[in-house]
Amino acid sequence: MLRVVVLGAAAGGGVPQWNCGCRICNAARGANPELQSTQSSIVVSADDEHWFLINASPDLRQQLISTPQLHPKHGALRHSPIAGVVLTNGEVDAVAGLLSLRESSPFTIYAHRQVLAILAANSIFNVLNDRLVRREPIVTDHAFEPLLSDGSSSGLEILPFVVPGKRAWYLEGQQHPGDNSAEGDTLGLLVTDKGSGQYFYHLAACARVTPDLAQRITGAPLVFFDGTVWRDDELIAAGLGSKTGQASPSTLFSGDRAS
Ligand SMILES: [Zn+2]
């Protein structure tokens, strides 16, 4: 059975954002702690025992602590149920949490070669020992089965596909460490449980819904979608900046908690 746990659903920075004094962040710090939210990320499993993280947010450590499914199994001195991480883009919001997964546990990073090139170009990610943490390229429109750390079947199938996106903010105006095609910088995922056929779509940092994309997800039982902002001029209207939503690839999900 396909299982998904939503680890967080907030945009980049989370709620409250460390330096934000807007009405909502102030409420989250004070009278309405229920508004607090970590940055968007989910985990998925076909067996309720081995989990694949989709994007590793900067809030990952806190998310792992508060998610019992992701704790080391009882009695093990060193163990993690996380078998792999699938990265759908190279934004800080998607990759910074990898740094919290050091400490010599085996798992596999699955990402497009564009995103793997970003990791390779930033030596801080070498804290993940490459003898234990494999980096596996994924190819658009080619379904793959993420494997468990012993090489056995996970029971999941993931189809990555190109969605409209934009280059990571910190690479704007810079040479991309991959190539300059931009294809592969932002991926959508179709995740299927091979046993039951249950599936969902995951779309993070998606810049717009094209007719093709709308057609693809029509009728899907579950879609996690990064809507960025509700209105394109939301940040401007709140006095928080001059960027429109379309220029901001931060993440905000709308989707049901499913398990
Ligand atoms: Zn705020």
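Scroll up to find the structure this text is about.
The paragraphs below set out a description of the structure included in this document.

Parameters at a glance
Residues numbered from 1 in each chain as written. Predicted model: local features only at pLDDT ≥ 70, side-chain atom pairs only at ≥ 80, totals over all residues. Heavy atoms only, no water. Phe/Tyr/Trp six-rings, centres within 6.5 Å; stacked < 30°, edge-to-face > 60°. Helix = DSSP H or I, 4+ residues; strand = E, 2+ residues; numbered from the N terminus. Buried < 20%, exposed > 50% of the residue type's maximum accessible area, 1.4 Å probe, protein only. Donors = N, O, S within 2.8 Å, 3.2 Å for Na, K, Ca; no water. Pairing = 2+ DSSP bridges. Right-handed = clockwise from strand over helix to strand, strands pointing away.

## Thoughts on the packing of aromatic side chains
We describe a pair of aromatic rings using the distance from one ring centre to the other and the angle between the two ring planes.
Move 1: For the structure shown, the criterion picks out four aromatic pairs.
Move 2: A centroid spacing of 6.0 Å and a plane angle of 80° characterise the contact between Phe161 and Tyr201, whose relative ring orientation is edge-to-face. Residue Phe161 is located in strand β7 (residues 156-162), and its partner Tyr201 is located in strand β9 (residues 199-203); the two are separated by 40 residues in the primary sequence.
Move 3: Of the residues examined, Phe161 reaches a relative accessible area of 1% and is grouped as buried.
Move 4: For Tyr201, a relative accessible area of 7% gives the class buried.
Move 5: Taking the centre distance of 6.2 Å and the plane angle of 85° together, the rings of Tyr199 and Tyr201 count as edge-to-face.
Move 6: On the accessibility criterion, Tyr199 (30% relative accessible area) is partly exposed.

## Observations concerning the coordination of the zinc ion
Move 1: Around the zinc ion, the protein contributes the donor atoms Cys20 (SG), Cys22 (SG) and Cys25 (SG), which lie 2.2 to 2.3 Å from the metal centre.
Move 2: One chain supplies every donor to the zinc ion, and in sequence these donors are spaced C-x1-C-x2-C.
Move 3: Classification of Cys20 by relative accessible area gives buried; the value is 11%.
Move 4: Residue Cys22 is classed as partly exposed on the basis of its relative accessible area, which comes to 22%.

## Description of the pairing of strand β5 (residues 107-112)
Move 1: Of all six residues that make up β5, six are buried, and the element is covered over most of its length.
Move 2: Because side chains alternate across β5, one face comprises the buried residues Phe107, Ile109 and Ala111, and the other comprises Thr108, Tyr110 and His112, equally buried.
Move 3: Taken together, the six bridges between β5 and strand β6 (residues 133-138) define a ladder with parallel strand orientation. Paired with His112 across the two strands is Ile138, which belongs to β6.
Move 4: Crossover β5 to β6 through helix α4 (residues 113-121) is right-handed.

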